[in-house]
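# Coordinate inspection notes
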Amino acid sequence: MSRLEAKKPSFCRSEPLTSERVRATLSVLKGIATSCYGPAGRLKQLHNGLGGSVCTTSQSAALLANLPVTHPILKILTTSVQNHVSCFSDGGLFTAILCCNLVENVQRIGLTPTTVIKLNKQLLSLCTSYLKSEACGCRIPVNFSSTQILLCLVRSILTSKPACMLTTKEVDHISALILRAFLLTIPENAQDHIILGKSIIVPLKHQRVIDSTVLPGILIEISEVQLMKILPIKKSDSFKVALFCVSLSGDLSDTGEGNVVVSYGVSLESAVLDQLLNLGRQLVSDHVDLVLCQKVIHPSLKQFLRTHHVIAVDRVGVAVMEPLSKVTGTRPIGSLDSISPSSYGSVKELCTAKFGFKHFFHLIPNETAVCSLLLCNRNDTAWDELKLTCQTALHALQLTIKEPCVLLGGGCTETHLAAYIRHKTRSEPEGILRDDGCTQTELQLIAEAFCSALESLAGSLEHDGGEILTDGKYGHFWSVQADSPSVVNWPDLLSRCGCGLYSSQEELSWSFLRSARLPFVPQTCFPCEASDSAGNLTLDCFTAKLSGLQVAVETANLILDLSYVIEDKN
Amino acid sequence: MAAAGSVRAALQVAEVLETVVSCCLGPEGRQVLCTKPTGEVLLSRDGGRLLKALHLEHPIARMMVACVSSHLRKTGDGAKTFIIFLCHLLRELHAITDKEKDSFFSENIQTHGRHWKKCCQWKFISQALLTFQTQILDYVMDHYLGRHFLSIFSSSTKERPLCRSSLEMLLGAYFCGRVGRNNHNFVSQLMCEYFFKCTACESGFEEVLELVDDCFVELKVGVTGLPVSDSRIIAGLVLTRDFSVYCPADGDIRIVIVIETIQPLFSTFGSEFILNSEAQFQTSQFWITERTKAIMKYLQKQNVKLLLSTVKQPDLVIYCAGLNGISVVECLSSEELSLIQRVTGLAPFVVPQASSQYELSNTAMVKFCKPFILRSKRYVHLGLISTCSFTPHCIVLCGPVQGLVEQHEVALHGAFKMLRQLFKDLDLNYVTQASDHNCTSSPVIYKNSRESNDLPEIVNGSIQRPYQDTVVKNKDELAKTQTYLEAYSNLVVPSVELETNTLCSTPTVTLTDTYQTDATLRCFSPDKARIMDDHEPFIESNSANSTTEYTRREISYENLQVTKNARKGSMLPVRHKSLEMCTSQSYCFSSVPAGCVLPVGGNFEILLHYYLLSYAKKCQRSEEIMVSMIIANALLGVPKILYKSKKGNYSFPQIYIRALHSLQTNQPMISNQTGLESVAGKYQLLTSVLQCLRNILTIDSVINIKRQPQEIYDQDSEEEL
């Protein structure tokens, strides 16, 4: 009997943002996010007092998944960041910091939420239309005939995750691997509609990072005992493969809702086994060379197949079933009786391989869109971090293929965008204030808050007490070491801007980011050779960053719009 | 225990609730964040949801919430306005009772207990409220407000073409109060576009609305992590699962629906399968395999390309389907199934028992069937070909957090509910005075009805008018009437419905001295069946004695109305539906036609306020005046809150004065608002609030019981019996 219990009344609070506690928790979250941001970001060690492994990370995905958040407002913020990360993999910290900055800055102004939200939305659409336009000065089109830009993008992602613990050499190696793995997933005979393949990340912990490698085809891990049983593989041009999704262990399938009565002396096991051996005979007569099964193969059937020089591998698991069927061109077989010959597939080559302490069975297909990325790192937590980073990089490459352009990284996009907004709101405020209700002063205030949120986001890339400058021509981001003399010739101290596009040779009228500056028109022209020659650009994924910007502003608007919080305490 | 001042207590409660809901009201309203006990966060501006989330303890508050939710079940809109209006009504009542305490009741304060006296007073007020609701409100709505109504249809012909811009305005205003202010424009445009895309032909929109309202959950796909602006409309139906096996196919794709496993099983429920030998087992397994293959082959021969299954199919079926080039989607929910069936009219495929040679009948065509990738998740995308007026489309709703996506979903669903309400007629029944010429024009036989000067009596809720000197002119006319009546005598009204009708529409007619001066009293309640009962004795008596004197006391005026309708040749069987039937103001049985709207921004409230005040001026009965004044003043509460933050020319007093001025000078009211809102919704809200208020007033004490609630247990035991 269920007991009906009276519900406890909920807890209702008005104007949640004005409370000191909320501000304090928001600034703690912001502090955590800011300190992790960028290549020089500090690592966080997440440690659960009740047990489990210790996680060292600086990535938003790992950080937010493990961080217990209790306050509903923070929950909104973190879930929105997490959802963004699950969509785009990259730009989680960017989104979180920008959102916190916006909320903080806007609160300081003290305008009504209606005005703030309306203007924030206007500014956001200003940003997105600028970033999407051809004239955008912080966007570089991707030329797919050279790998330079793609490599820069991957390298930027790798270096921005310091918890992977990679040396410069290792970064080079891994970024080359990632790019190769990505290129292997592009089908060779591409039509107008490309369906990308898959790169499977195979874990190989406690090995040197340099040992990581990319192989076309699929690696299936097998135990040493299994390996012993596998006969030496005969040389051939092509191997016939059968892939089963049904269990070959001889268990009785679903018998229906009624009863099945078995008379005494009738052995169903032998009946089923007979059936399996019949299946084996058919496979042998069809000249199948390799039998793969998602589930378990009966030992007798295995033995039978081995005696007929057929390799049988079972328990491959549901995760690799789809790539397997894609690679080999088989149709997963769900029948124990007659098998249609059209269900068989083939691979070009079969071999066993040993990487580290693990043995693998390697299937090399004729036409590949699937590859295996063997990823090594020294310890578990660094490996986890590296795996996440690789997935992020692969995802970023996929997104770049859809939208063939990249944004400048290293804080330059943010400062440039801030300069652009400042200029726009000063020069043509009427265009932004199309609809009624807001004054120009309000626009200036909000634009200043918006721009300083972007700039302090760029500023949080600096963790070592250095000064941040911006130039008066391109609006890029420049950082100076902490212990530099106060009055100097700037070009001597600066070398290149944050993204590496411009060098300090030009006279660019630098000024401190925090100081007040006159608005200027940020130049949009690139040095023509920049996109080709500059080898060490820092780049960001366009789609992820654009969406991160939108999500950050939308979430900030959402938080600013809250007038009550009702907490259900049941 | 006993709540000494129930109005005061209720007022306190309502004021607290008002402060919570008023922050979300109107275009300037803000969001409320609710957390669920499971830890999920939810954003909402939906009054009903907020009130529920509060889990209130106070008994009166709980009653109010119950009233609100029963109102919402009916209309799906207006929870916030409900609370605000109720609060203002209570405030007015409180002010009045405070005043009267000094003047009216001070003399006999010794004779009665204070509490009892108050209760009597409230009882009295609640009676007056009932009178107001049944008589004055409908009368004012019909007579005065009616002329201000706008219509969502661009012309008033039979086809009733929808006016797109009006609908946009209506939806815009609706979403202003429902979703965050940075998204309402986008969501309302999305909804508008969706509605027009789904509506294949102009006339079928009611059917579309009904279907979308019923199956909305299946017609939307929520995606988190993308900006709201990525939401879009997709042609066809998206099922939130992947293909079990997908075979690309072009051209005409035939689909079948199965609701059982295609592979035969050893035994069905309640039966036994006895295995006597291994060979028997093997042959039966072989047979099963062959049979499954044969069925799939048969489906392939019939050109079936897609199998939709409500159950999980065995591996063998999937394998055979793949071999035969048939795509399979498994585990459809029953709601999805019913949606597909409603759209295509497709019946489930029955696995043929014998070897099947005949043509497969239960198939439908789809334009396409392909995987659909959203946020790296695969869905099934079907281009169903519709057999009804609904062209299948899906809404993909994006948002950074689940709470926001859910809010948009709820708001969209509510909007469809609101539209459905809007396209229904709203009946108004009331008692009024009819002028002479109307009476003479409507009845043919009873020419002398104006001679009847008797006062109407109230007997059992229906008015029965004595005809003492009704003269039937001649037999010809009588015969004529008879044919009319015969034409209608095959009208069958279920008696149950009749009873409920009479119950809900019993007008309590109170006599006023104005009745004496002129004319007749007419009352129409929709209990036509009673009329039909009346016909036969009436005719018999007439034909039996063709005397000129006829003094049957049973005939009510409904008869006249029916005969008149019959003469008009109208084919409305049970209820009067459209306004064309009752265009003249003097008809007491009228309706607000479907699609009536008014501009937003408190227009309805100000109009009703104005006309109630002017009615009160003409009225002579003190309690009617009082109630009308109370309600008229309380009505202004909503626009007051709406214009709270506005300054200067748009502040509430300015708007109010301008509106009154234009009403007095008979100029059209100029509204600075662009939105529209449904009149029927507002009317229903008003009646629900009045009902709730009556409930509150009639309670004299609240008894607190401290015991485990036993409701569920009792219900269970009853069901078992």
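Residues numbered from 1 in each chain as written. Chains lettered and ligands numbered in written order. Predicted model: local features only at pLDDT ≥ 70, side-chain atom pairs only at ≥ 80, totals over all residues. Heavy atoms only, no water.

An unreviewed UniProt entry lists chain B under the name BBSome complex assembly protein BBS10, with Neophocaena asiaeorientalis asiaeorientalis given as the organism. Of the comments in the UniProt record for chain B, the one headed Function (unreviewed entry) reads "Probable molecular chaperone that assists the folding of proteins upon ATP hydrolysis. Plays a role in the assembly of BBSome, a complex involved in ciliogenesis regulating transports vesicles to the cilia. Involved in adipogenic differentiation." (UniProt positions renumbered as here; feature names shortened; annotations may be inferred.)

An unreviewed UniProt entry annotates chain A as Molecular chaperone MKKS of Neophocaena asiaeorientalis asiaeorientalis. Regarding chain A, the UniProt comment filed under Sequence similarities (unreviewed entry) reads as follows: "Belongs to the TCP-1 chaperonin family." According to its UniProt record, chain A has this under Function (unreviewed entry): "Probable molecular chaperone that assists the folding of proteins upon ATP hydrolysis. Plays a role in the assembly of BBSome, a complex involved in ciliogenesis regulating transports vesicles to the cilia. May play a role in protein processing in limb, cardiac and reproductive system development. May play a role in cytokinesis."

## Looking at the overall build of chain A
Assigned secondary structure in chain A consists of 18 helices and 21 strands. Considering only C-alpha atoms, chain A reaches an extent of 90 × 70 × 45 Å along its principal axes. Here chain A holds 570 residues, and the buried ones make up 53% of them. Restricting the contact set of chain A to residue pairs at least 6 apart, pairs at least 24 apart contribute 75%. Carbon together with sulfur atoms contributes 54% to the accessible area of chain A, which is approximately 25,100 Å² in total. Treating the 49 positive side-chain charges of chain A as one cloud and the 53 negative ones as another, the clouds have centres 4 Å apart. (Helix = DSSP H or I, 4+ residues; strand = E, 2+ residues; numbered from the N terminus. Buried < 20%, exposed > 50% of the residue type's maximum accessible area, 1.4 Å probe, protein only. Contact = heavy atoms within 4.5 Å. Areas by Shrake-Rupley, 256 points an atom, 1.4 Å probe, with all protein chains shown as cover. Lys, Arg positive; Asp, Glu negative; His and termini not counted. Charge placed at Lys NZ, Arg CZ, Asp CG, Glu CD.)

## What to know about the confidence of the model for chain B
Residues and elements named next belong to chain B. Residues at a pLDDT of 70 or more form 69% of chain B, whose mean pLDDT is 72. For chain B, helix H17 (residues 514–517) is the element with the lowest average pLDDT, namely 31, and strand E10 (residues 327–329) is the one with the highest, namely 93. Low pLDDT, under 50, characterises residues 103–112; the stretch is placed with six contacts to residues that sit more than four places away or in other chains. Scored below 50 in pLDDT, residues 433–587 makes 200 contacts in the model with residues more than four places away or belonging to other chains. As a predicted assembly, this complex carries a pTM of 0.82 together with an ipTM value of 0.88. (pLDDT = per-residue confidence, 0-100.)

## Examining the sheet that holds strand E10 (residues 290–293) of chain A
Neighbouring strands of a sheet are bound in pairs by backbone hydrogen bonds; such pairs are parallel or else antiparallel. All names here are of chain A. Taken together, four strands build an open sheet; the order of strands is E11-E10-E8-E12 and the sheet is mixed. With partners counted over all chains shown, the strands left at the sheet margins are strand E11 (311–313) and strand E12 (345–347), one partner each. Between one strand axis and the next, the sheet turns through 30 degrees on average, direction left out of account. Where E10 and E11 come together, three bridges link them in parallel fashion. When the sheet's bridge partners are listed, Leu292 is paired in E11 with Val313. (Pairing = 2+ DSSP bridges. Axes fitted to C-alpha atoms, helices over the stretch in contact; angles between N-to-C directions.)

## Considerations on the packing of helix H6 (residues 148–159) of chain A against helix H7 (residues 168–184) of chain A
Residue and element names in this part refer to chain A. Two elements in contact, H6 and H7, have axes whose closest approach is 9 Å; the angle formed by their N-to-C orientations is 125 degrees. For the element pair H6 / H7, the angle class is oblique. As for how H6 packs across H7, the hand of that crossing is right-handed. Of H7, the residues touching H6 (which contributes Leu150, Leu151, Val154, Arg155, Leu158 and Thr159) are Val171, Asp172, Ile174, Ser175, Ala176, Ile178 and Leu179. (Parallel < 35°, antiparallel > 145°, perpendicular 65-115°, else oblique. Left-handed = near helix turned anticlockwise from the far one by under 90°.)

## Brief notes about helix H1 (residues 6–22) of chain B
The terminal C-alpha atoms of H1 of chain B, which comprises 17 residues, lie 23 Å apart, in line with the 24 Å expected from a rise of 1.5 Å per residue. When H1 of chain B is considered as a whole, its buried residues turn out to be Ser6, Val7, Ala9, Ala10, Leu11, Val13, Ala14, Leu17, Glu18, Val20, Val21 and Ser22 of chain B. (Expected span 1.5 Å × (residues − 1).)

## Things to note about the packing of aromatic side chains
The full count for this structure, using the stated rule, is 15 aromatic pairs over all chains. With centroids separated by 6.1 Å and ring planes inclined at 90 degrees, the aromatic side chains of Tyr139 of chain B and Tyr144 of chain B adopt a geometry described as edge-to-face. A residue is classified by how much of its surface remains accessible, and Tyr144 of chain B, at 13% relative accessible area, is buried. Where Tyr610 of chain B meets Tyr611 of chain B, the ring centres are 5.1 Å apart and the plane angle is 75 degrees; that geometry is what we call edge-to-face. Under the relative-accessibility criterion, Tyr610 of chain B is labelled buried at 17%. A relative accessible area of 5% places Tyr611 of chain B in the buried class. A network of ring pairs unites the aromatic residues Tyr139, Tyr144, Tyr610, Tyr611 and Tyr615 of chain B as a single cluster. The cationic tip of Arg139 of chain A hangs over the ring face of Phe542 of chain A; the distance from NZ or CZ to the ring centre is 5.6 Å. The positively charged end of Lys370 of chain B is found above the aromatic ring belonging to Phe368 of chain B, 4.5 Å away from the centroid. (Phe/Tyr/Trp six-rings, centres within 6.5 Å; stacked < 30°, edge-to-face > 60°. Lys NZ or Arg CZ within 6 Å of the ring centre and 35° of its normal.)

## Focus on the domain arrangement of chain A
The domains assigned to chain A are domain 1 (15–138 + 408–463 + 525–567), domain 2 (143–216 + 374–403) and domain 3 (218–252 + 268–367). One C-alpha centre belongs to domain 1 of chain A, the other to domain 3 of chain A, and the line joining them spans 51 Å. (Domains from an automatic or database assignment.)

## So, the interface of chain A and chain B
Reports of interface size often rely on the accessible area that becomes lost once the parts have come together. Contacts between the two partners involve 79 residues from chain A and, on the opposite side, 66 residues from chain B. Buried surface at the junction of chain A and chain B, summed over both partners, amounts to about 6,100 Å²; 57% is from carbon and sulfur atoms. Between chain A and chain B we count two salt bridges in total. Between Glu15 of chain A and Arg30 of chain B there is a salt bridge whose closest N-O contact spans 3.0 Å. Secondary-structure elements contributing two or more residues to the side of chain A that touches chain B are helix H3 (72–88), helix H5 (113–132), strand E9 (259–262), helix H9 (268–285), helix H18 (542–560) and strand E21 (562–567) of chain A. Looking at the side of chain A that touches chain B element by element, the count peaks at 11 residues for H3 of chain A. The residue inventory of the side of chain A that touches chain B, partitioned by class, reads 31 nonpolar, 30 polar and 18 charged. (Buried area = accessible area lost by both parts, 1.4 Å probe. Salt bridge = Lys/Arg side-chain N within 4 Å of Asp/Glu carboxyl O. Nonpolar A, V, L, I, M, F, W, Y, C, P; charged D, E, K, R; others polar.)

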